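Residues per chain, in single letters:
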Amino acid sequence: MESFRGRKNALTVSQSIEVLQSASNQKSHYLGGHQMTIRSLLLGASAGLAIIGAAQAADLPMTKGEAVEYVKVCTAFGPGFFYIPGTDTCLKIGGEIRADYRAFAGNGFSRNDDRSAFNTQARIWFDARTETDWGLLRSYFQINADSHPISNQGRGGIYNDNRFTIDKAFIQFGGLTAGYAHSFFGFYDNEYGDTIWAPYYAEQNTVNLIAYTAQFGGGFSATLSIEDGRDHRVGGTSTPVDINGTLYGYREGGQQVPDVVAQLRWDQSWGSIAVQAAGHQSRSGTDYTITTPGANPGDPPVVTPVNVRRSNKYGYAVGATGLIKIPAIDNGHFIVEGQYADGALDYLGAGATWIANSDSFVNSRGRIDRGKGWSITAELGGNITPVLGANLVGSYIDTQYDRYLGNGQYGLKEYTIAGNLTYTIVKGLTVAGEVAWTHGKLDNGVIDEGELSGRSKYNVLQGGVRLKRTF
């Protein structure tokens, strides 16, 4: 049966008028003299309805809806990339969740240090790439969020609350790299560095920089990088020295000249070789004060001035890296990276030592003494089976300050040996375990580190488990 809505829409204007006229004739039998008035009203109403119907019909869509633009897969840069709708830019979004469970032991701990500590870290990154007439245009951004970051090897019992940090944020265009990226001094940490937590001694800082890499063919490339020297500092303010009742100390000053880093690299199917060098400004700051409690309860604190010698020197670092790939093992590799530095200890990885190093100290004469030394790191690793990977890492650092004491040198020697296994449970989910041993020795000095005070040697054992989900 035809619906009323369909039947009404099927009526023409003339048919509508005829229906209304018929209805008005029937009404005239009862309304008498009002017949003409009612007929006029009905005719006017029918005309109005016809006009409204025509207007509504004109408003109805006459064509189909616009087609939906679906996301397209981008295969030019590997799996996981897709085209941003309406552009020729390919984007990849990825992330990780890391659950860490760690424990510490050794003779170098006090009651203020952690013997166990847990942390969960979430990572997310965005990698956008576009092919242009001038080369690849890329932008990369990664942010990390920690529940409670663990201090260096459990030291100090520091319970850090939730923390967000920028891991990297940079732009690449052809050979240009600009932004917050890994230093171009060496490449072990950036491309390998496969310990889970264990320290090793090599350049491992992410810094603000602007760099250009030129490709010469045959696997040869050269990079010149201008890097923020503030990101390459180790330490800052040293313990003052009392000379005849006057305190002398060291305090880092403001930066005038950024660091300059250069690297020459050769990449082949069998591996890679690189040599690198860096220049670093070391500049003292102004005098400062230290505050100590009064001698008796209720006494005001004692404020003591500390004198800082004016100094402006330029340190340097040189290094080399060698990588040999092992074809018989999936991802098999052996890599060694070593470096020497004078007044630029960050390039040795000095910030990773168990006892803090510093670029500069004040010697027994109240003068500033720049630290120097060398370090080396080696790693052997690969996949034992398709689901089980292993890495063995050994690292050593030796730093010293020849004029720190009037009768000898002050120096720190430390080495770490670490091994780990990683098992892939299912694609994207792994469980890994690591054990590391650190041994250190401090020459001609007293370590002021709680229970370490007065000792010249220390041993630290750490181990733990990491569950990681990558997506």
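Each chain carries its own residue numbering, running from 1 in the direction its sequence is written. Side-chain atom pairs in this predicted model are given and counted only at pLDDT of 80 or more, local residue features only at pLDDT of at least 70, and totals for whole chains, interfaces and linings cover all residues. Think of the side-chain values as coming from all heavy atoms in the structure, minus any hydrogens and water.

A. Structural context of the packing of aromatic side chains. Pairing of aromatic rings covers Phe, Tyr and Trp, the last through its six-membered ring, and needs centres within 6.5 Å; plane angles under 30 degrees mean stacked, over 60 mean edge-to-face, and all others mean tilted. Enumeration over the complete set of coordinates arrives at 10 aromatic pairs. Considering the side-chain rings of Phe220 and Trp266, the 5.4 Å spacing of their centres and the 10° angle between planes classify their relative orientation as stacked. Of this pair, Phe220 sits in strand β8 (residues 220-227) while Trp266 sits in strand β11 (residues 259-268), and the two are 46 residues apart along the sequence. Relative accessible area decides the class of each residue, using a 1.4 Å probe on protein chains only: under 20% of the type maximum gives buried, over 50% gives exposed, and in between gives partly exposed. The class for Phe220 is partly exposed, based on a relative accessible area of 38%. Taking the relative accessible area as the measure of exposure, Trp266 reaches 28% and is therefore partly exposed. Where Trp266 meets Trp270, the ring centres are 5.6 Å apart and the plane angle is 80°; that geometry is what we call edge-to-face. Ring-pair connections join several aromatic residues into one group, and the members of that group are Phe220, Trp266 and Trp270. Lysine and arginine charges are scored as sitting over a ring when NZ or CZ, respectively, is within 6 Å of the ring centre and within 35 degrees of the ring normal. If you follow Lys72 out to its NZ or CZ, it ends over the ring of Tyr83, 5.6 Å from the centre. When the ring centre of Phe187 is taken as reference, the NZ or CZ atom of Arg265 above it lies at 4.0 Å. Helix numbering and strand numbering both begin at the N terminus, where a helix is a DSSP run of H or I of at least 4 residues and a strand a DSSP run of E of at least 2.

B. The nonpolar core, seen in detail. Counting residues in hydrophobic clusters, the biggest one holds 34 residues, and the most contacted among them are Phe185, Leu209, Val261, Tyr347 and Tyr458. Taken together, the elements giving at least two residues each to this core come down to β3 (116-132), β7 (206-217), β20 (388-405), β21 (408-426) and β23 (457-470). By residue number, the principal contributor to this core is β7, which donates three residues. Should any heavy atoms of two residues lie within 4.5 Å, those residues are considered in contact. Aside from chain neighbours lying at most four places away, what touches Leu209 is Thr177, Ala178, Gly179, Ala181, His182, Ser183, Phe184, Ser225, Ile226 and Glu227. Among the buried residues, those of types Ala, Val, Leu, Ile, Met, Phe, Trp, Tyr and Cys that are joined through side-chain atoms within 4.5 Å form a nonpolar core. Tyr188, Tyr192, Tyr200 and Ala202 belong to the second largest nonpolar core, which has nine residues in total.

C. A look at the sheet that holds strand β13 (residues 288-292). Should DSSP find at least two bridges between two strands, the strands are regarded as paired. If you walk across this open sheet you meet the four strands as β9-β10-β14-β13, and the pairing is mixed. This sheet does not close on itself; its edge strands, each paired only once, are β9 (241-243) and β13. Taking each pair of neighbouring strands and ignoring which way they run, the sheet shows an average axis angle of 40°. Sheet topology note: the β9/strand β10 (residues 246-249) ladder contains three bridges and is antiparallel. Within β10, the residue paired with Ile243 across the bridge is Thr246. Interaxial angle, 0 to 180 degrees, is taken between N-to-C directions of lines fitted to C-alpha atoms, where a helix line uses only the stretch in contact.

D. Structural context of the confidence of the model for the protein. Scored by pLDDT, the protein has a mean of 83; 79% of the residues are at 70 or more. pLDDT: the predictor's confidence for each residue, scored from 0 to 100. Residue range residues 1-39 is modelled with pLDDT below 50. Its contacts to residues more than four positions away, or to other chains, number 16 contacts. Taken together, the stretch residues 54-58 has pLDDT below 50 and engages in zero contacts with residues farther than four places along the chain or on a different chain.

E. Focus on the environment of Asp259. Its place among the elements puts Asp259 in strand β11. Residue classification places Asp259 among the buried residues on the basis of a relative accessible area of 0%. Along the chain, Asp259 and Leu209 lie 50 residues apart, while their C-alpha atoms are 9.3 Å from each other. Excluding residues within four positions of it along the chain, Asp259 makes contact with Ser225, Ile226, Glu227, Gly229, His232, Gly279, His280, Gln281 and Tyr347. For the purposes of these results, a polar contact is taken to be a pair of N or O atoms within 3.5 Å, where, inside protein, one atom must be able to donate a hydrogen and its partner to accept one; residues adjacent in sequence count only when each atom of the pair is a side-chain atom. Reaching out from Asp259, the side chain makes a polar contact with the side chain of His280 at a distance of 3.0 Å. Among the polar contacts made by the side chain of Asp259, one reaches the side chain of Tyr347 at a distance of 2.7 Å.

F. Region of interest: the state of the cysteines. Two cysteine sulfur atoms make up a disulfide if the distance between them is within 2.5 Å. With the rule as written, the count across this model stands at one disulfide. Each sulfur of the disulfide joining Cys74 and Cys90 lies 2.1 Å from the other. Taking the sign of the S-S torsion, about 80° here, the bridge from Cys74 to Cys90 comes out right-handed. Here Cys74 is found in the loop between α3 (35-59) and β1 (82-83), whereas its partner Cys90 is found in strand β2 (residues 90-106), with 16 residues between them in sequence. Residue Cys74 shares its accessibility class with Cys90, and that shared class is buried.

G. Here's a closer look at the pattern of salt bridges. Any Lys or Arg side-chain nitrogen found within 4 Å of a carboxyl oxygen on Asp or Glu counts as a salt bridge. Tallied over the entire structure, the rule returns 11 salt bridges. Between Arg466 and Asp100 there is a salt bridge, and its shortest N-O distance comes to 2.7 Å. Separated by 366 residues along the polypeptide, Arg466 in strand β23 and Asp100 in strand β2 bring together distant segments of the chain. The class of Arg466 is buried, set by a relative accessible area of 11%. Ionic contacts of the salt-bridge type, sharing partners, join the residues Glu96, Arg98 and Lys468 into one network.

H. Expanded view of unusual backbone geometry. Located in the positive-phi region is Asn244, a residue other than glycine, with phi close to 55°. Relative accessible area serves as the criterion here: at 80%, Asn244 is assigned to the exposed category. With a phi angle near 60°, Asn331 is a residue other than glycine that sits in the positive phi range. Its place among the elements puts Asn331 in strand β16 (residues 330-342).

I. How the structure looks around the environment of His232. For His232, the position within the fold is in the loop between β8 and β9. Look past the residues within four positions of His232 in its chain and what remains in contact with it is Ser183, Glu203, Asn205, Val207, Glu227, Asp259, His280, Asp346, Tyr347 and Asp359. In this structure the side chain of His232 is engaged in a polar contact, spanning 2.7 Å, whose partner is the side chain of Glu227. A distance of 2.7 Å separates polar atoms of two side chains, one belonging to His232 and the other to Asp346.

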